[in-house]
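Residue-level structural notes
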Amino acid sequence: MSERDEAAERGGGRPGAGGAGGFRDRLLGRVRLSGWLALAAPLLAVLFAALITSVVLLIAGSSPLAAFDTLVEYGSQPRTMAVILNNATMYYISALAVAVGFRMNLFNIGVDGQYRLAAVVAAGVGGAALLPGVLNIVLVLVVAVLVGALWAGIAGLLKVKRGVSEVIATIMLNAIATGLASWLMSNHLGVLTGNDLATRPIPEGSRMPGMELIAGTPKLVNGFLVVAIILGIAYYVLLNRTRFGFELRATGMSEPAALASGIGVKRMVVTTMVVSGAVAGLAGMPELLGETYKYSNNFPAGLGFDGIAIALLGRNNPVGMALGALLWSFLGNSSDSLQMINISKETVDIMKGVTVLSVIIAYELVHRYRIIAEQRRAGQETAASPAAEGAAA
Amino acid sequence: MTKGQIHAIVGENGAGKSTLMKILYGMQRPDEGEIRVDGKPVVFHTPADAIAAGIGMVHQHFMLADNLTVLENVILGSEPRRGGVAIDFRAARKKIKEISDAYGLAIRPDVPVEELGVGDRQRVEILKVLYRGARILILDEPTAVLVPHEVDELFENLRGLVREGLTILFISHKLDEVLRVADAITVIRRGTTVASVDPRDMTARHLAELMVGSELPSPETRESTVTDSVVLSVGDLTVRDIDGRAIVDGVGFDIHRGEVLGIAGVEGNGQAELVEALMGIRPCTVGSLTLDGKDITGWSTLKRREGGIGYIPEDRHRHGLLLEAPLWENRILGHQTRRPNVKGIWIDRTAARDDTQRIVEAYDVRTPGIDTAAAALSGGNQQKLIVGREMSGDPVLLIASHPTRGVDVGAQAAIWDHLRAARAAGLAVLLISADLDELIGLSDSLKVILRGRIVADVDPANVTPEQLGSAMTGAGEAAAQ
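Just so we're clear, the structure is a prediction, and the values are computed from it rather than from any experiment. (Residues numbered from 1 in each chain as written. Chains lettered and ligands numbered in written order. Predicted model: local features only at pLDDT ≥ 70, side-chain atom pairs only at ≥ 80, totals over all residues. Heavy atoms only, no water.)

So, the overall build of chain A
This is how it is decided: Numbering of helices and strands runs from the N terminus; a helix is a DSSP stretch of H or I covering at least four residues, while a strand is a stretch of E covering at least two. Burial status follows relative accessibility: with a 1.4 Å probe on protein chains alone, a residue under 20% of its type maximum counts as buried, one over 50% as exposed, and anything between as partly exposed. By definition, residues are in contact when any of their heavy atoms lie within 4.5 Å. Per-residue accessibility takes into account occlusion by the displayed protein chains alone, with areas from the Shrake-Rupley method and a 1.4 Å probe.
Along its length, chain A carries 17 helices and 2 strands. In chain A, buried positions account for 53% of the 393 residues. Look at the contacts in chain A between residues 6 or more apart in sequence, and 76% of them connect residues 24 or more apart. About 16,800 Å² of surface is accessible on chain A, with carbon and sulfur atoms providing 67% of the total.

Re the environment of Met-185 of chain A
Residue and element names in this part refer to chain A. Assignment of secondary structure puts Met-185 in helix H8 (residues 166–189). Sequence separation of Met-185 and Val-121 is 64 residues, and the distance between their C-alpha atoms is 9.1 Å. If sequence neighbours within four positions are ignored, Met-185 has contacts with Val-120, Gly-190, Leu-197, Ala-198, Thr-199, Tyr-295 and Ser-296.

Brief notes about a nonpolar patch on the surface
Filter applied, for reference: The residues that make up patches have over 30% relative accessible area and no salt bridge, and they are joined within 9 Å when like-charged or within 5 Å when they are Val, Leu, Ile, Met, Phe, Trp or Tyr. A carboxyl oxygen of Asp or Glu within 4 Å of a side-chain nitrogen of Lys or Arg is what we treat as a salt bridge.
On the surface, a nonpolar cluster with roughly 350 Å² of combined accessible area is contributed by Val-134, Val-138, Val-142 and Leu-146 of chain A. Here Leu-146 of chain A lies in helix H7 (residues 133–162).

Structural notes on helix H12 (residues 265–282) of chain A
The line we're drawing: Here the expected length of a helix is defined as 1.5 Å per residue gap, with one fewer gap than residues.
Here H12 of chain A spans 26 Å end to end across 18 residues, near enough to the 26 Å set by a 1.5 Å rise per residue. All of the buried residues in H12 of chain A are Val-265, Met-268, Val-269, Thr-272, Met-273, Ser-276, Gly-277, Ala-278, Val-279, Ala-280, Gly-281 and Leu-282 of chain A.

So, the sheet that holds strand E22 (residues 453–458) of chain B
All names here are of chain B. As a reminder, the rule being used: Whether two strands pair comes down to DSSP finding at least two bridges between them. To obtain an axis, a line is fitted to C-alpha atoms, over the contacting stretch when the element is a helix, and the angle between two such axes runs from 0 to 180 degrees between their N-to-C directions.
Spatial strand order, E16-E19-E20-E13-E21-E22: 6 strands in an open sheet with mixed pairing. Whereas interior strands pair on both sides, the edge strands pair on one side only; in this sheet they are strand E16 (309–312) and E22. Going from strand to strand, the sheet's axes swing by 20 degrees on average, the running direction of each strand aside. Relative to strand E19 (residues 397–401), E16 runs parallel, the two sharing 4 bridges. From the neighbouring strand, Gly-310 faces E19, where its bridge partner is Leu-398. Relative to E16, helix H14 (residues 379–391) is tilted by about 175 degrees, and along the sheet it contacts E16 and E19.

A word on the pattern of salt bridges
Counted according to the given criterion, the structure contains 26 salt bridges over all chains. Where Arg-245 of chain B meets Asp-241 of chain B, a salt bridge forms, and the shortest distance between an N and an O atom there is 3.4 Å. On the basis of relative accessibility, which here comes to 56%, the residue Arg-245 of chain B falls in the exposed class. One salt-bridge network, held together by shared partners, links Arg-243, Glu-247 and Arg-267 of chain A.

Concerning the nonpolar core
To keep things clear, this is the line we draw: Here the nonpolar core consists of buried residues drawn from Ala, Val, Leu, Ile, Met, Phe, Trp, Tyr and Cys, with membership extended through side-chain atoms lying within 4.5 Å.
Of all hydrophobic cores here, the largest spans 134 residues; its most connected members are Met-285 and Met-321 of chain A together with Leu-468 of chain B. Sequence-distant contacts of Leu-468 of chain B, that is, excluding residues within four places in its chain, are made with Ala-264, Leu-436, Ile-440, Leu-446, Val-448, Val-458 and Val-463 of chain B.

Some details on the packing of aromatic side chains
Rule in force here: Only Phe, Tyr and Trp rings are paired, with Trp represented by its six-membered ring, and only when their centres lie within 6.5 Å; those with planes under 30 degrees apart are stacked, over 60 edge-to-face, the remainder tilted. The criterion is that NZ of a Lys, or CZ of an Arg, lies within 6 Å of the ring centre and within 35 degrees of the ring normal, and then a charge sits over that ring.
According to the stated counting rule, one finds 3 aromatic pairs over all chains in the structure shown. Plain terms: the ring middles of Phe-155 of chain B and Phe-170 of chain B are 5.8 Å apart, the flat faces sit at 65 degrees to each other, and that makes the pair edge-to-face. Placement of the pair is Phe-155 of chain B in helix H6 (residues 148–163) and Phe-170 of chain B in strand E8 (residues 167–172), with a sequence separation of 15 residues. Just as Phe-155 of chain B is buried, Phe-170 of chain B falls in that class too. Note that Arg-207 of chain A overlies the ring of Tyr-293 of chain A, its terminal NZ or CZ placed 3.8 Å from the centroid. A cation over a ring is seen here: Arg-315 of chain A above Tyr-363 of chain A, with NZ or CZ 4.6 Å from the ring centre.

A look at the environment of Met-27 of chain B
All names here are of chain B. Among the structural elements, Met-27 can be located in the loop between helix H1 (17–24) and strand E2 (35–37). Measuring from C-alpha to C-alpha, the distance between Met-27 and Pro-47 comes to 5.8 Å, with 20 residues separating the pair along the chain. In contact with Met-27, not counting residues within four places along its chain, are Lys-22, Pro-47 and His-59.

Section: the confidence of the model for chain A
Using the following cut-off: Confidence per residue, as judged by the predictor, is encoded in pLDDT with a range of 0 to 100.
In the predicted model, chain A carries a mean pLDDT of 84, and the fraction of residues at 70 or more is 85%. Every residue in residues 384–393 of chain A is under pLDDT 50, and counting partners more than four places away or in other chains gives 19 contacts.

Comments concerning the sheet that holds strand E14 (residues 285–291) of chain B
Residue and element names in this part refer to chain B. Within the open sheet, the 4 strands sit side by side as E12-E11-E14-E15. Their pairing is antiparallel. Taken across any chain shown, the strands that pair with only one partner, and hence form the sheet edges, are strand E12 (246–256) and strand E15 (294–295). Packing of helix H9 (residues 271–278) onto the sheet brings it into contact with strand E11 (230–240), E12 and E14, and relative to E11 it is tilted by some 120 degrees.

Some points on the side chain of Asn-108 of chain A
Residue and element names in this part refer to chain A. Within the secondary structure layout, Asn-108 lies in the loop between helix H5 (78–102) and helix H6 (111–127). Here Asn-108 falls in the buried class, since its relative accessible area comes to 1%. Beyond its immediate chain neighbours, meaning those up to four positions away, Asn-108 contacts Val-98, Gln-114, Thr-170, Met-273, Ser-276 and Gly-277.

See below:
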């Protein structure tokens, strides 16, 4: 029974009790799900989202079957598949950046500003061609990482030194980043060609080569796919296999416990924001080094917010987020095809939104089920052990 | 249960008390058997069914919204309506006044809950239940959060409720309290009733033996193992709150190898702050602070831990464990820089897991496995894991804050044994506890703390809990609390 005591205690929520086991922890995926449930929950949620979208389509007088058929058919064309992969790469890196913060209870809403500012500065530096060939790629990446890290670090410092919520700070820094980026573009880095204000293109020798992965299309798959996979593995190793990762997760699960264990919580806040920002800085690089080679007004916007949704979808799990990024990219890229059968492409936005919501709800249900099951199991094991053991020990 | 009685249910942690209560309150369904209220069998699917049958539950941890007033908290979820939409505050206030007066609860309905003390909050919880028409009250460990005089007030209230014809089910493992307040006692062990007894012919010791089902262990230590070498020396340690008031005021003491130094005091007299200051979690000013002769004044928490201070925190859920993490990760906590848990920057999973398995076996942590989340274990088993973990860091000093609080008798005995064994092996222990028997039994020397100052040195060999208790309140200073 006292297993239940403990659960009641946690559920009841002593005021300010360490935050362990709260809904927010589960929302941010700091609570682990295991086994088939971890797979079943998101699958069911996606199906449910499809169902809701169907209802919306029916109300709008369109055929859901035709819509899904069109989405799948368009999405499975070789060219679209390549584009889906390329966009998913950016989504994935952005989601990784968000997830690093999530694991420590930090809401880095500022990935959006971090990647854009990083992309502007990196594009400017890359376009200046200070270094030859591959070295220039490295330089561009280093600059992007540094700018992203610095920009996020401001929010970390504000939180530690002045107690400013990182949510507020990063949202404001996003706005400042937008202003700063356009100032940089119009006054220093941008070159006006006709009506198009863009940075100088990165020279040909310093571009990320594409890969001919998908047959039947001349569209190349962005070389950053490899980088994204490496980042995903690094994310997993960093969080689960290193002391830093342990301290990060411990701080995320319970700040008081981390303090009592000698973990420098303030230092962890700044470091985590910096790491998150550094990864965020890379989010725009597939586009810059593999697609357009310059920063302009057409540079993808809002990647940071997609990253938040995908991190939630994938529960901060590196594989989960990869699947989430692919789904997100598939929906985003195939939505245009709906217009061919006179369905508004915004229908897909409804589906994206419902997917995130129902995934969160599904995880929550699964979590409650799992806690009950685990307590029952612990209860049985305890009851089964020899009677006087505790007293005798 | 007889109407108009206070019926106590006692049992060890894990005996099934709370499960029983949850079934009675409709939070969980029984596998078999039936519940009868006033002779009629009832089936509860949800707490709402239980409330409808007149059963109300006061939870151990308060479920109140701090920023709402007492009145708003009480009516939350069952607001009296006027004209369909508006809340009828006047009717609510009248009803609350009536209930409060009838049972002598002295509730002021318009005060925000955040301004209330713990005892008042508990009365609000009771009123909330009465407001919903409960005739049977379930109180789950109601005294766990109260200081002694609040406990007295609570018991006074409970007797008043019973006089008015209510029935109270009282769950506790504080036996002296049960004996004081209950009209009837049911002892449960491993999910079954082992005895139904009359408190008038029971002693706390006898009751405890019924609970455990065996002879009770005692915290007595045998021969002294105190040596001459000082492990921890504290001189003139002061902790101030944000207003500059001294919470810990010029405290100093030495602890030797093989010595258990007990700090006795009514809770809230600076013990918690003293411990946090010693661990480097809370800033303090200190005249001198040495561990094994080394000045540790400027050391961080991590360095102090690495320097050989083990720490059993007062609140294991907040400070001692990562509830959602598996046991083996909890074994790393606080020892995340040391072998066997890490190799350089890498977590050594295999070694950490093996060592967790060793702790689980050596300290009799009852768990399905080391991958189980800490939250799934009972309080006693969580505490055994913490003790095992802290002992595994080769400490020279152990700071143990309420090491057996909320732990069942079996685990308590095991923890005492481990402390004694470590003391015999030369460990210095700073023991802070509210359990006077534990303090007197385990300590080699005792100091009494009152309002942040050490006010008395007591020889545990010839002091009774009563004498110690009066020293803790300042020997006659009634305003000590």
